[in-house]
Amino acid sequence: MRRTSDMKITIGHLYPDLLNLYGDRGNIACMMRRCLWRGIQAETIEFHMGDCVDFKELDIVLLGGGSDREQRIVCGELKKIQGQFQDYVEDNGVVIAVCGGYQLLGKYYRTDAGTMEGLNLLDICTEQEEGRLIGNIILKSGLSKTPVVGFENHGGRTYLNGCRPFGKVLFGAGNDGRSGYEGVVYKNVLGTYLHGPLLPKNPEICDYLLEKALERKYGEVSLRKLDDRLERAANEFICRRFVKGNLSH
Ligand code: GLN
């Protein structure tokens with residue numbers, strides 16, 4: 001197996017000045033840190049409107065959340081890179097898309113002000129409905145032994161059309177406030193409404209994504225465990241506060 005010091009992860013942050021709500025940028029800081037602590041080199045490239053995105057040089061792509069207005073601006077730009085983005089996804093490229101970014105992975109996002117066409121990378125769609133789904137959220141996900149915690153704030157309701165959810169909602173609203181599910185997982189794409197930011201609050205999810213990115217590039221990898229006692233204590237506190245006793249369902 002290759003030594004971690006010979007490994008390098010390149011993260012592409014798409015449109016950070018438009019899509020970056022509730023600290024979504026913290027996901028990048030977390031991935032970078034957890035690589036560096038293990039001696040894995042890590043670099044982030046920011047892409048702004050009009051920049052050419054070369055997906056071949058990227059191992060992880062982050063799309064953060066944004067207001068409807070900002071999503072509309074980004075939407076046209078995404079159309080220009082749709083083909084390359086799709087090839088990257090089908091080739092098992094890792095993508096983390098949060099809230100507004102998550103909605104744009106799908107076929108469309110319908111709002112009162114009109115419909116935005118999405119990247120059409122996944123067979124999901126989002127429709128704005130009455131009222132916003134706002135608050136703390138806790139999930140049980142197959143990607144993590146510990147429950148996943150975060151914060152959601154969205155007017156759009158996302159429908160999965162048979163795609164696999166990220167997790168089952170233990171507390172909060174999730175994709176549509178009714179189905180009991182949150183987010184989506186397709187190949188190495190994770191779409192979710194969880195801000196917070198997601199990864200520092202849920203280091204197991206961070207390591208899952210890093211592992212997927214490294215495996216795609218270098219074959220089998222085994223990441224050294226890190227000292228996550230603080231993160232676990234914070235997670236337990238939140239779970240006790242909102243879910244109380246039973247987390248096994
Ligand atoms: N504008 C979208 C909505 O309200 C996404 C918001 C967000 O990214 N927090 O549904």
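Residues numbered from 1 in each chain as written. Predicted model: local features only at pLDDT ≥ 70, side-chain atom pairs only at ≥ 80, totals over all residues. Heavy atoms only, no water.

Enquirer: Looking at this structure, how should I read the sheet that holds strand β12 (residues 189–192)?
Expert: Across a sheet, paired strands are connected by hydrogen bonds in the backbone, their directions being either parallel or antiparallel. What the six strands build is an open sheet, ordered β2-β1-β3-β4-β12-β11; its pairing is mixed. The open sheet terminates on both sides in strands that have one partner only, identified here as β2 (41–47) and β11 (184–186). On average, each strand axis in the sheet is inclined to that of its neighbour by 15°, with strand direction left out of account. The pairing of strand β4 (residues 94–98) with β12 spans four bridges and is parallel. Each bridged residue has a counterpart across the sheet, and for Val-95 the counterpart in β12 is Val-189. Strand contacts of helix α1 (residues 26–36): β1 (8–14), β2, β3 (60–63) and β4, with the helix running at about 160° to β2, the strand carrying the most contacts. Across the sheet, helix α2 (residues 68–90) is in contact with β1, β3, β4, β11 and β12; its angle to β3 comes to roughly 135°. (Pairing = 2+ DSSP bridges. Helix = DSSP H or I, 4+ residues; strand = E, 2+ residues; numbered from the N terminus. Axes fitted to C-alpha atoms, helices over the stretch in contact; angles between N-to-C directions. Contact = heavy atoms within 4.5 Å.)

Enquirer: So what exactly am I meant to see when it comes to the site of the ligand here?
Expert: In the neighbourhood of the ligand, 16 residues make up the surrounding shell, with Asp-68, Gln-71, Cys-99, Arg-132 and Gly-156 lying closest. Side-chain polar atom of Gln-71 to a nitrogen atom of the ligand: 2.7 Å apart, as the coordinates give it. Here an oxygen atom of the ligand and a backbone polar atom of Gly-100 are 2.9 Å apart. Isolated, the ligand exposes 300 Å² of accessible area, and the fraction of that covered by the protein chains is 98%. Only α2, α3 (100–104) and β8 (148–159) provide two or more residues apiece to the shell around the ligand. The biggest single contributor to the shell around the ligand is β8, with four residues. Per-class residue counts for the shell around the ligand are three nonpolar, eleven polar and two charged. (Near = heavy atom within 4 Å. Polar contact = N/O pair within 3.5 Å; in protein donor to acceptor, adjacent residues only side chain to side chain. Areas by Shrake-Rupley, 256 points an atom, 1.4 Å probe, with all protein chains shown as cover. Nonpolar A, V, L, I, M, F, W, Y, C, P; charged D, E, K, R; others polar.)

Enquirer: Help me understand the environment of Gly-167 in this model?
Expert: Position of Gly-167 relative to the elements: it lies in strand β9 (residues 167–171). A relative accessible area of 5% places Gly-167 in the buried class. For the pair Gly-167 and Ile-138, spaced 29 residues apart in sequence, the C-alpha separation works out to 9.1 Å. (Buried < 20%, exposed > 50% of the residue type's maximum accessible area, 1.4 Å probe, protein only.)

Enquirer: Please explain the packing of aromatic side chains as it appears in this structure.
Expert: Aromatic rings considered in pairs are described by the distance between their centres and by the relative angle of their planes. Under the definition given, this model contains five aromatic pairs. Note on Tyr-22 and Phe-151: the rings are 5.3 Å apart at their centroids and 70° apart in plane angle, and the pair reads as edge-to-face. Placement of Tyr-22 in the loop between β1 and α1 and of Phe-151 in strand β8 is noted, with a sequence separation of 129 residues between them. Aromatic rings pair up to connect Phe-55, Phe-85 and Tyr-88 into one cluster. (Phe/Tyr/Trp six-rings, centres within 6.5 Å; stacked < 30°, edge-to-face > 60°.)

Enquirer: In this structure, what is going on with helix α6 (residues 229–242)? I would like to understand it.
Expert: Working note: α-helix, 3.6 residues per turn, so residues spaced by three or four point in the same direction. Its 14 residues place the ends of α6 20 Å apart at the C-alpha level, agreeing with the 20 Å of an ideal helix rising 1.5 Å per residue. Of all the positions in α6, only Asn-235, Ile-238, Cys-239 and Phe-242 are classed as buried. The arc that holds every buried residue of α6, seen down its axis, measures 100°, which confines them to one face. Away from its buried face by more than 90 degrees, α6 exposes Arg-229, Leu-230, Phe-237 and Arg-240. On its buried side, α6 packs onto β7 (125–140), β8, β9 and α4 (198–201). Trailing α6 by a residue or two, Lys-244 shows a phi angle of about 60°, which is positive. (Expected span 1.5 Å × (residues − 1). Arc of directions from axis to C-beta.)

Don't take any of this as a statement about function, it's just geometry.
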